[in-house]
Amino acid sequence: DTAVSQTPKYLVTQMGNDKSIKCEQNLGHDTMYWYKQDSKKFLKIMFSYNNKELIINETVPNRFSPKSPDKAHLNLHINSLELGDSAVYFCASSQDWAGGTQFFGPGTRLTVL
Amino acid sequence: SQQGEEDPQALSIQEGENATMNCSYKTSINNLQWYRQNSGRGLVHLILIRSNEREKHSGRLRVTLDTSKKSSSLLITASRAADTASYFCATHGRETSGSRLTFGEGTQLTVNP
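Structure report, in brief. (Residues numbered from 1 in each chain as written. Chains lettered and ligands numbered in written order. Predicted model: local features only at pLDDT ≥ 70, side-chain atom pairs only at ≥ 80, totals over all residues. Heavy atoms only, no water.)

1. What about the overall build of chain B?
At step 1: Each helix and strand counted, chain B has zero helices and eleven strands in total.
At step 2: Along chain B, helices and strands appear, N-terminal first, in the series β-β-β-β-β-β-β-β-β-β-β.
At step 3: Taking 113 residues into account, the globule formula puts the C-alpha radius of gyration at 13 Å, and chain B, at 13 Å, falls close to it.
At step 4: Reported as C-alpha extents along the three principal axes, the dimensions of chain B are approximately 45 × 30 × 20 Å.
At step 5: Per-residue burial over chain B gives 46% buried out of 113 residues.
At step 6: Element-wise, carbon and sulfur atoms account for 42% of the exposed surface of chain B, whose accessible area totals about 5,200 Å².
At step 7: Of the charged side chains in chain B, 13 are positive and 11 negative, and the gap between their average positions amounts to 6 Å. (Helix = DSSP H or I, 4+ residues; strand = E, 2+ residues; numbered from the N terminus. Rg over C-alpha atoms; globule rule 2.2 N^0.38 Å. Buried < 20%, exposed > 50% of the residue type's maximum accessible area, 1.4 Å probe, protein only. Areas by Shrake-Rupley, 256 points an atom, 1.4 Å probe, with all protein chains shown as cover. Lys, Arg positive; Asp, Glu negative; His and termini not counted. Charge placed at Lys NZ, Arg CZ, Asp CG, Glu CD.)

2. A word on the state of the cysteines
At step 1: Evaluated as defined, the whole model comprises two disulfides over all chains.
At step 2: The partner cysteine of A:Cys23 in its disulfide is A:Cys91, sulfur to sulfur 1.8 Å. Its S-S torsion of approximately -75° makes the covalent link between A:Cys23 and A:Cys91 left-handed. A residue pair is termed long-range when its members are at least 10 positions apart, and A:Cys23 in strand S3 (residues 19–25) and A:Cys91 in strand S9 (residues 87–94) qualify at 68 residues.
At step 3: Of the residues examined, A:Cys23 reaches a relative accessible area of 1% and is grouped as buried.
At step 4: A disulfide bridge connects B:Cys23 with B:Cys89, and the sulfur atoms are separated by 2.0 Å. (Disulfide = S-S within 2.5 Å.)

3. Points about the sheet that holds strand S8 (residues 71–76) of chain B
Residues and elements named next belong to chain B.
At step 1: An order of S1-S3-S8-S7-S6 is seen for the five strands of this open sheet, with the pairing classed as antiparallel. This sheet does not close on itself; its edge strands, each paired only once, are strand S1 (5–7) and strand S6 (55–58). The average undirected angle you get between the axes of adjacent strands in this sheet is 20°.
At step 2: Sheet topology note: the strand S3 (residues 19–24)/S8 ladder contains six bridges and is antiparallel. Within S8, the position partnered with cysteine 23 by the bridge is serine 72. (Pairing = 2+ DSSP bridges. Axes fitted to C-alpha atoms, helices over the stretch in contact; angles between N-to-C directions.)

4. Describing the pattern of salt bridges
Think of it this way: side chains of opposite charge can pair up when their charged atoms draw near.
At step 1: Tallying each qualifying case throughout the model produces eight salt bridges over all chains.
At step 2: A salt bridge links A:Arg63 to A:Asp85; the shortest N-O distance between them is 2.8 Å. Of this pair, A:Arg63 sits in the loop between strand S6 (53–57) and strand S7 (64–70) while A:Asp85 sits in the loop between strand S8 (73–78) and S9, and the two are 22 residues apart along the sequence. Exposure class is identical for A:Arg63 and A:Asp85. Each is buried.
At step 3: Across the pair B:Glu53 and B:Lys56 runs a salt bridge whose closest N-O atoms are separated by 4.0 Å.
At step 4: We classify B:Glu53 as partly exposed; its relative accessible area is 24%.
At step 5: Salt bridges sharing common partners tie together A:Lys44, A:Glu58 and B:Arg100. (Salt bridge = Lys/Arg side-chain N within 4 Å of Asp/Glu carboxyl O.)

5. Description of the interface of chain B and chain A
At step 1: Residue-level contacts link 22 residues of chain B with 25 residues of chain A.
At step 2: Surface buried jointly by chain B and chain A totals about 1,700 Å² across both partners, of which 53% is contributed by carbon and sulfur atoms.
At step 3: Area buried by chain B at its contact with chain A is led by B:Ser99, B:Arg100 and B:Phe103, which between them contribute 32% of it.
At step 4: For the pair chain B and chain A, the number of links is one salt bridge.
At step 5: Two residues, A:Glu58 and B:Arg100, come together in a salt bridge whose shortest N-O distance is 2.4 Å.
At step 6: At the junction of chain B with chain A, the criterion picks out nine residue pairs in polar contact (both at pLDDT 80 or more).
At step 7: Elements that contribute at least two residues to the side of chain B that touches chain A include exactly strand S4 (29–37), strand S5 (43–50) and strand S9 (85–93) of chain B.
At step 8: With four residues, the top contributor of residues to the side of chain B that touches chain A is S4(B). (Contact = heavy atoms within 4.5 Å. Buried area = accessible area lost by both parts, 1.4 Å probe. Polar contact = N/O pair within 3.5 Å; in protein donor to acceptor, adjacent residues only side chain to side chain.)

So this is what it looks like as structure tokens:
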């Protein structure tokens with residue numbers, strides 16, 4: 001059973017398009033995250049939700065909008081995609097927001113042409 | 001500059017040798033975590049060490065933490081080709097609100113058979 005799953009695994013799209021990435025965790029965790037990993041493998045937090053409430057909102061363009069319909073799901077919608085958005089996006093979850101172990105999804109490789 | 005900087009950036013060793021990776025950070029922490037990332041995959045948690053702990057073991061892994069020097073090391077003993085991966089340290093800062101982990105830039109470990 002996959003603990004943290006993301007779809008799609010690969011996403012290739014044109015500049016200016018809008019796309020969404022979905023994430024689901026079946027671990028019963030309260031907290032979920034979105035990270036962006038660039039070509040140099042640097043991993044940066046974008047957002048975090050705890051029990052459907054936004055608790056971390058890093059300085060990302062407002063073209064990025066997370067949505068958490070329930071605590072098992074955290075989706076990421078990106079409007080007006082730009083070349084610089086090309087990266088691997090990881091979803092993760094943790095039991096709570098106390099800074100413990102995080103469980104990562106397999107990643108979504110986004111390529112903007 | 002970033003919290004959590006790994007050293008070396010890349011390490012290449014022969015199977016059976018030990019591999020040591022270091023991580024330095026800048027602010028006070030609650031805990032420090034090590035993660036492994038195989039090529040094209042998500043991060044996998046290895047070990048969490050709390051700020052009041054000095055050493056932790058898990059199988060062939062040994063992590064040390066020196067809060068006075070703001071540094072940690074990850075030792076992998078008797079390495080195997082399957083240990084080839086990127087290794088990241090991540091810190092949960094004492095001043096951090098919520099669950100934010102700050103990741104270092106990673107060490108790429110190659111274990112040659």
